[in-house]
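# A closer look at the structure
Take a look at the letters that make up each chain.
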Amino acid sequence: MLKLTVDAQRWHNYLTAFVDSCPGIVPVTKGNGYGFGHALTVQESQRLGVDVIAVGVAQEVASVREHGWDKDVVVLNPWRPGDQVATELLSDPKVITTISRVEDVAAVRELAPDAPILVEVETSMHRHGVRADEVAALDLDGLNVRGWTIHLPSGATLDEGREMARTVMRHPMASRGIWFSHLSCDDYVTLSKELDVPVRMRVGTRLWLGDVDAYRVTGTVLDIHWLPKGTPVGYHRIKTRADGYIVVVSGGTAHGVALSAPISAGSLRQWLIPGAEALQQMVGRVTSPFTVAGRRAVFAEPPHMHSSLVFVGGPGEPAQVGDEVPVNVRMTTATFDEIRVK
Ligand SMILES: *Cc1c(COP(=O)(O)O)cnc(C)c1O
């Protein structure tokens, strides 16, 4: 069982302090809710008293609603004509749809002119957005424009934010406000003071995952076997390179554990290609995300669906069945069997 344990008091305090120092932020709770799940991110957003949250895709709106969110929701991925769920949500007055192409402005005017929308402007990220030189002349008449959206690359500067704001200011509907992503809190507060339009900022990672001591991920030791050097182990019968312990720990590919193995993409690929020889060559070289007896253990073979075999050299038993061991996972790609808030 892979478990996420959240130190409730510490996490609450951090989130509250963050929102206080960065007022008006819009918590982003897309994907797996940054590891915490929508139940917790919704509950915390309610406790923080924010008036709007953001999800990644239209299909995630139902999930945050099921968990009790009844205020506004922004869908960050821009609307496209082929997305049926996103199109149905155009008629939901509490869903704010992102529009990022000139032709989609026209399509939404046809489909649902009352739909609350944010108009995205292309930034130096070059992901989505109406081109900066198209903004001034963009025809938004009759649409329910809630604001403009500017998704800056991470680590963006205040000047880049200012430059994008100047682009928006050329449009008569600039006064509806600008929603930024990826400014520092200081730069966001500065811009809010400089601009005489409402300013908001979407934040995910820095909010939910900002205090790394407020949560921890653990796997449980399920079994432990001492084996002499050269013993074939696991599905692939890879031989151990030394005397030592095979420790079977909960946490595997189904939890996203392999994705967080701190090894290069090249060696991971090589390792995941089934081939006895390639696997044997990698033995002892691939550091696992599991910390056993105070050290990062190496994988004995590629992780299984729900557990992993790691090798820990002797002498001295490194762990006991039932021990909880720290696991280093990437929170946005992890799936937990249990989330404990205490
Ligand atoms: C994901 C996303 C965010 C949040 O990003 P973090 O780096 O997790 O804070 C903000 N804005 C947009 C448009 C996004 O897609």
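Residues numbered from 1 in each chain as written. Predicted model: local features only at pLDDT ≥ 70, side-chain atom pairs only at ≥ 80, totals over all residues. Heavy atoms only, no water.

On to the overall build of the chain. When its secondary structure is counted, the chain shows 11 helices and 18 strands. Across its three principal directions, the C-alpha atoms of the chain cover 75 × 45 × 40 Å. When burial is assessed residue by residue, the chain has 51% of its 342 residues classed as buried. When the accessible surface of the chain is totalled, it reaches about 15,600 Å², and 52% of it is carbon and sulfur. Measuring between centres, the 33 positive side-chain charges of the chain sit 6 Å from its 39 negative side-chain charges. (Helix = DSSP H or I, 4+ residues; strand = E, 2+ residues; numbered from the N terminus. Buried < 20%, exposed > 50% of the residue type's maximum accessible area, 1.4 Å probe, protein only. Areas by Shrake-Rupley, 256 points an atom, 1.4 Å probe, with all protein chains shown as cover. Lys, Arg positive; Asp, Glu negative; His and termini not counted. Charge placed at Lys NZ, Arg CZ, Asp CG, Glu CD.)

A few words on the nonpolar core. Judged by nonpolar contacts, the single largest core of 99 residues is most densely connected at F36, L140, W148, F180, F290, V329 and M331. Each of domain 1 (1-208) and domain 2 (214-334) gives at least three residues to this core. Counting residues in hydrophobic clusters, the runner-up holds eight residues, among them L227, V233, V248 and A300. (Core = buried A, V, L, I, M, F, W, Y, C linked by side-chain atoms within 4.5 Å. Domains from an automatic or database assignment.)

Now for the UniProt feature "modified residue: N6-(pyridoxal phosphate)lysine" (unreviewed entry) in the chain. Taking the UniProt record as the reference, the feature "modified residue: N6-(pyridoxal phosphate)lysine" (unreviewed entry) is found at K30. Considering the arrangement of structural elements, one finds K30 in the loop between β2 (25-27) and α2 (37-48). Among the residues examined, K30 registers a relative accessible area of 36% and is labelled partly exposed. When sequence neighbours within four positions are dropped, the list of residues in contact with K30 reads H38, A54, V55, G56, E60 and L76. (UniProt positions renumbered as here; feature names shortened; annotations may be inferred. Contact = heavy atoms within 4.5 Å.)

Our next topic: the domain arrangement of the chain. The assigned domain composition of the chain is domain 1 (1-208) and domain 2 (214-334). Every contact between the two is made by 14 residues of domain 1 and, on the other side, 18 residues of domain 2. For the pair domain 1 and domain 2, the summed buried area comes to about 1,200 Å², and 56% of that belongs to carbon and sulfur atoms. Where domain 1 touches domain 2, the interface holds one salt bridge. (Buried area = accessible area lost by both parts, 1.4 Å probe. Salt bridge = Lys/Arg side-chain N within 4 Å of Asp/Glu carboxyl O.)

Under the counting rule described, the total for this entry stands at five aromatic pairs. Through successive ring pairs, a cluster of aromatic residues spans W11, F36, W208 and Y215. Directly above the aromatic system of W179 lies the positively charged group of R200, at a separation of 5.5 Å from the ring centroid. (Phe/Tyr/Trp six-rings, centres within 6.5 Å; stacked < 30°, edge-to-face > 60°. Lys NZ or Arg CZ within 6 Å of the ring centre and 35° of its normal.)

Under the criterion given, the structure shown has one disulfide. What pairs with C22 in a disulfide is C185, and their sulfur atoms sit 2.1 Å apart. Taking the sign of the S-S torsion, -110° for the link of C22 and C185, the bridge is left-handed. You can see C22 sitting in the loop between α1 (8-21) and β2 and its partner C185 sitting in helix α8 (residues 185-194), a full 163 residues away along the chain. Each member of the pair, C22 as well as C185, is classed as buried. (Disulfide = S-S within 2.5 Å.)

What follows deals with the pairing of strand β9 (residues 199-203). Among the five residues that make up β9, five are buried, leaving the element largely enclosed by the rest of the structure. Here three bridges tie β2 to β9, and the two strands are oriented parallel to one another. Within the sheet, the bridge partner assigned to P27 lies in β9 and is V203. With four bridges connecting them, strand β8 (residues 178-181) and β9 associate as parallel partners. Residue pairing for β9: S181 is matched across the bridge by R202. (Pairing = 2+ DSSP bridges.)

Another point: the sheet that holds β9. Pairing is parallel in the open sheet, where eight strands are placed in the order β2-β9-β8-β7-β6-β5-β4-β3. Of all strands in the sheet, those with a lone pairing partner are β2 and β3 (52-55), marking the two edges. Shown here is a sheet whose adjacent strand axes are inclined to one another by a mean of 30°, direction ignored. Note: strand β7 (residues 144-151) against β8, four bridges, orientation parallel. Bridging from a neighbouring strand, T149 pairs with W179 of β8. Lying on the sheet, helix α7 (residues 158-169) is in contact with β6 (116-121), β7 and β8; it crosses β8 at an angle near 155°. (Axes fitted to C-alpha atoms, helices over the stretch in contact; angles between N-to-C directions.)

Under the UniProt annotation, the feature "domain: Alanine racemase N-terminal" (unreviewed entry) is placed at residues 21-159. Helix makes up 29% of residues 21-159 and strand 22%, with an end-to-end C-alpha separation of 21 Å.

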